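So the chains spell out like this:
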Amino acid sequence: MNEDTRKRAAELRKALHRHNYLYHVMDEPEVSDAEYDRLMQELIALEAAYPELIEPDSPTQRVGALPLEKFETVAHSVPMLSLENAFGEEEVLAFDKRVRRFLNTDSQLLYTAEPKMDGVAVEIVYENGRLIEASTRGDGYTGELITLNIRTIKAVPLALLNTVSVTVPSRLEVRGEVFIPIEAFKQLNKERLDNDEPPFANPRNAAAGSLRQLDSRITAKRPLDIFCYGIGRYDDLELASHSEILQRLESMGFRVNPDIKRRAKIEDILVYYKALLEKRHEFPYEMDGVVIKVDDLALQKKLGEKSRSPRWALAYKFPATQETTRVVDIDVQVGRTGALTPVARLEPVSVGGVTVSRATLHNEDEIKKKGIRVGDTVLIQRAGDVIPEVVKVITTKRTGVEQAFQMPTVCPVCGSGVVRLKGEAAWRCVNANCIAQLKERIKHFASKGAFDIDGLGDKLANQLVDKGLLKSYADLFFLDEATTGALERMGEKSAQNLMDAIERSKQISLARFVYALGIRHVGEHIARILARSMKTLEGLEAAIKEDLEAVKGIGEEISQSVRAFFENPENQRNIERMLKAGVTIETKEAPVDEPLAGMTFVLTGALDSMTRTEAKARIEASGGKVGGSVSRKTTFVVAGKDPGSKLEKARHLGVRILDEKGLVEELSQEKRHEKG
Ligand code: IVH
């Protein structure tokens, strides 16, 4: 190889880096795609002929050749924290006040505010100007090494730009959000459907899924993009403010969001937020709010951080995403206690990236109050993780063909009569043997907090009832392998597994047993109170109204419901049959001063009424354990505001989820056993 070849290769590398930057970061290409391809082909040919020319940051080296076995993990040298959320102006002004009080200053502070991207947070490490490592945020302390995948993102520089004119930092950790633009997401999903692959639920899932590919050749095909918004550790750089960091990042070749409001008073940040909220749907990517940061780095340092979020930053979230669609019909579902719930069947519509085709209408009064008719165009919203709901009818869209809705006068499943008791919102099917109720009762009976029968999911429960194999939950303990093995999609092995799971479930605590019975108004929490105070099943069965109501937390409504349940001969017969079949109730309940003994909690997201450290201390004081990661053994995942991937994992594993109110309820047992 002669000197000219070496020179030509260097020229090509430089030109390609520049065109890549102009195209992917600046959005201002100077050459046509064809010209770019031509230069790339020339470099590929040169490197093929002289492999010694290949450098790790050559533009030809974005895609790795071999898939990984698994992701290694790596600790972040500076934790990647999360952000406290605000949902209204008052909260933002309170934040500003808090910050100034902390800094002991009356003067105005300058903030920098940027769109809060809804993607995946990553850290990219450069040493002596070269990309050496990249990782996901993970739990904030350790993430997964996804270097090869990050290298495939064209907007990520493999080598820092402009390092000739400025100092090359010996180490620089750049942070940003990887995302997929909305149009590219739609295209990607279309291709997946064409290829018989399941579509992604939303751009964020698509970005996360793409980054978690062990084969970077797959990642390279995904339309990933990035905005960089901060740095972790940095050496050899003098930086005074966040706005200066952003400027530096830009000059080193990183893509920084162009719509950032730099160094502004808090009032102007509020105006900026409003403007973004107005036009959020015009942006080519999804954002879920605005991140407000104290601009001065010295002040940031003084402010420091709380357990999981810095005191100098705030996420001012956008309100729930709304969309309009049409009510195609209103279905009525029958629940475990016979309650009829109307559900709107909608023309499918994407709300914030998730396709919504149903929305709960709660009950008859709700439909009347909102004036919803079949055929109406309605405004629906999806807030966080909750079930989509109808906000209002767009009456101007009415054409006259819309049909008023009538609650059915008989149960839509079994045809029995329905009643609506005084003071109740729901109509109920009066037939205790209604097949819909029975199915739901059995699902409840087998669920996590109850008998926890592995493998007895919705489909199987429906099938067992439809085939007439279960007429009550007690029948579960009389199933045999021959019968279950003959069911659809039930191999010998799964039949055996189911029988084993049923057998295992027979050892059960009194609290779970009581909860499993599905007595109205007796949730997990009340079931535990009843178990602890009445000690044995016989004690509970024999308890009269006064005994029950003497227990703190048990009122008339619950005591009546409990009495009615145990006085019903059929319920008695079911209980007897279960006991005969070998169900054994362990009456050894958690000790009085340790009501949460034996339970493991995993916390995710921020709580309003206490810090995570406090929550942990209180759980432990009540005998519970707090774990770091979710597994099948986790009793509850407590999801606060802005929960992380642990929530998804909990859903995936079927671990029960408590909101903050639920946690407070569990903890409120701390001192309530005087009467037990
Ligand atoms: S700053 C300590 N800036 O929001 C500062 N975060 O809830 C923390 N995010 O995990 C990050 N856009 O994934 C910052 N412009 C932005 C952001 C942003 C999106 C995400 C990021 C982080 C999460 C914090």
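Above this note sits the structure.
First, a word on scope: everything that follows refers to the structure included in this document. (Residues numbered from 1 in each chain as written. Predicted model: local features only at pLDDT ≥ 70, side-chain atom pairs only at ≥ 80, totals over all residues. Heavy atoms only, no water.)

Digging into the nonpolar core
Membership of the largest hydrophobic core comes to 56 residues, with the highest contact counts inside it found for F513 and M578. Of all the secondary structure elements, the ones that give two or more residues to this core are α12 (435-446), α13 (458-466), α15 (492-505), α16 (510-516), α17 (524-534), α18 (537-542), α20 (556-567) and α21 (569-580). Those residues in contact with M578 that lie beyond four places of it in its chain are F445, Y473, A474, F477, F513, L517 and V583. Within the second largest apolar cluster, 41 residues are counted, among which are Y21, Y126, L239 and V256. (Core = buried A, V, L, I, M, F, W, Y, C linked by side-chain atoms within 4.5 Å. Buried < 20%, exposed > 50% of the residue type's maximum accessible area, 1.4 Å probe, protein only. Helix = DSSP H or I, 4+ residues; strand = E, 2+ residues; numbered from the N terminus. Contact = heavy atoms within 4.5 Å.)

Observations regarding the packing of α12 against α13
The contact between α12 and α13 brings their axes to 9 Å, and the two run at 135 degrees. When the axes of α12 and α13 are compared, the pair comes out oblique. Handedness of the α12/α13 crossing: right-handed. Counted together, I435, L438, K439, I442 and K443 of α12 and D458, A461, N462, V465 and D466 of α13 form the full contact between these two elements. Looking at the contact of α12 with α13, its residues break down into 5 nonpolar, 1 polar and 4 charged. (Axes fitted to C-alpha atoms, helices over the stretch in contact; angles between N-to-C directions. Parallel < 35°, antiparallel > 145°, perpendicular 65-115°, else oblique. Left-handed = near helix turned anticlockwise from the far one by under 90°. Nonpolar A, V, L, I, M, F, W, Y, C, P; charged D, E, K, R; others polar.)

Structural notes on the packing of aromatic side chains
Taken as a whole, this structure holds 15 aromatic pairs when the rule is applied. The interplanar angle of 50 degrees and the centroid separation of 5.7 Å between the aromatic rings of F283 and Y285 together place this pair among those described as tilted. Like Y285, F283 is buried. Ring geometry for F601 versus F636: centroids 5.7 Å apart, planes at 40 degrees, classification tilted. Note that F601 is positioned in strand β21 (residues 600-604) and F636 in strand β23 (residues 636-639), a separation of 35 residues in sequence. F636 matches F601 in its accessibility class, with the two residues each being buried. A connected cluster of aromatic rings, assembled from ring pairs, spans F445, F451, Y473, F477 and F513. (Phe/Tyr/Trp six-rings, centres within 6.5 Å; stacked < 30°, edge-to-face > 60°.)

Quick notes on the pattern of salt bridges
Counted under the stated rule, the structure contains 49 salt bridges. Where R171 meets E173, a salt bridge forms, and the shortest distance between an N and an O atom there is 3.0 Å. In terms of burial, R171 and E173 fall into one category: buried. For D376, the salt bridge identified is with R398, shortest N-O distance 2.7 Å. Of this pair, D376 sits in the loop between α11 (364-370) and β15 (377-382) while R398 sits in the loop between β16 (389-393) and β17 (418-419), placing them 22 residues apart in sequence. A relative accessible area of 25% means that R398 is categorised as partly exposed. Residues joined by salt bridges that share partners form a network here, namely R13, E55, D57 and R130. (Salt bridge = Lys/Arg side-chain N within 4 Å of Asp/Glu carboxyl O.)

A short note on the environment of R137
On the secondary structure map, R137 appears in the loop between β5 (130-136) and β6 (142-144). Classification of R137 as partly exposed rests on a relative accessible area of 25%. Along the backbone, R137 and S82 are 55 residues apart, and their C-alpha atoms lie at a distance of 9.8 Å. For R137, the contacting residues outside a window of four places in its chain are H76, M80, L81, S82, A121, T142 and G143.

Considerations on helix α2 (residues 33-49)
Helix length check: α2 (17 residues) gives 24 Å between terminal C-alpha atoms against 24 Å at 1.5 Å per residue, within 8%. Along α2, the residues classified as buried are Y36, L39, M40, L43, L46 and E47. Along the axis of α2, the buried positions cluster into a sector of 125 degrees, meaning they face one direction only. Those residues of α2 that are exposed and aimed more than 90 degrees away from the buried face are A34, Q41, A48 and A49. Contact partners of the buried residues in α2: α1 (3-24). (Expected span 1.5 Å × (residues − 1). Arc of directions from axis to C-beta.)

Brief notes about helix α9 (residues 266-279)
A turn of α-helix holds 3.6 residues, and therefore any two residues three or four places apart point the same way. In this model, α9 (14 residues) spans 20 Å end to end at C-alpha, consistent with the 20 Å of a helix rising 1.5 Å per residue. For α9, the complete set of buried residues consists of I266, I269, L270, Y272, Y273 and L276. Looking straight down α9, one finds its buried side chains confined to an arc of 160 degrees; they lie on one side. Along α9, the residues that are exposed and aim more than 90 degrees away from the buried face are V271 and E278. Next to the buried residues of α9 lie α3 (89-103), β3 (111-117), β9 (261-264), β10 (287-294) and β11 (313-317).

Some thoughts on the layout of surface pockets
Taken as a whole, the second largest pocket encloses approximately 1,200 Å³ of empty space. Contributions of two or more residues to the lining of the second largest pocket are made by α12, α15, β19 (507-509), α16 and α17. Counting residues per element, the lining of the second largest pocket draws most heavily on α12, at 4 residues. (1 Å grid on protein atoms, 1.4 Å probe; cavity = no way out; pocket = protein on both sides within 12 Å on 5 of 7 lines; lining within 4 Å. Points joined across faces, edges and corners; volume = space filled by probe spheres on them.)

Quick notes on the environment of I146
The residue I146 is located in the loop between β6 and α4 (147-151) in this model. In this structure I146 comes out as buried when scored by relative accessible area, which is 1%. With 318 residues separating them along the chain, I146 and L464 place their C-alpha atoms 46 Å apart. Setting aside residues up to four positions removed in sequence, I146 forms contacts with F71, V122, A134, S135, T136 and L211.

Structural notes on the site of the ligand
If you check the shell around the ligand, you find 15 residues, and the closest are E114, M117, A121, E177 and K293. E177 has a polar side-chain atom sitting 2.5 Å from an oxygen atom of the ligand. Contact between the ligand and K293: a nitrogen atom at 3.1 Å from a side-chain N or O atom of the residue. For the ligand, whose free accessible area comes to 510 Å², the fraction covered by protein is 89%. For the shell around the ligand, the secondary-structure elements that each account for two or more residues are β3 and β10. For the shell around the ligand, the element with the most residues is β3, which contributes 4 residues. (Near = heavy atom within 4 Å. Polar contact = N/O pair within 3.5 Å; in protein donor to acceptor, adjacent residues only side chain to side chain. Areas by Shrake-Rupley, 256 points an atom, 1.4 Å probe, with all protein chains shown as cover.)

Things to note about the side chain of K443
Summarising the element assignment, K443 is placed in helix α12. Within the structure, K443 has its side chain in polar contact with the side chain of N462 (distance 3.0 Å). Sequence-distant contacts of K443, defined by excluding residues within four places in its chain, comprise D458, A461 and N462.

Points about a nonpolar patch on the surface
A surface patch of nonpolar side chains, about 190 Å² in accessible area, is lined by L68, L148 and L214. Its place among the elements puts L68 in the loop between α2 and β1 (73-75). (Patch = residues over 30% accessible without salt bridge, like charges linked within 9 Å, V, L, I, M, F, W, Y side chains within 5 Å.)

Nothing here speaks to function; it is geometry throughout.
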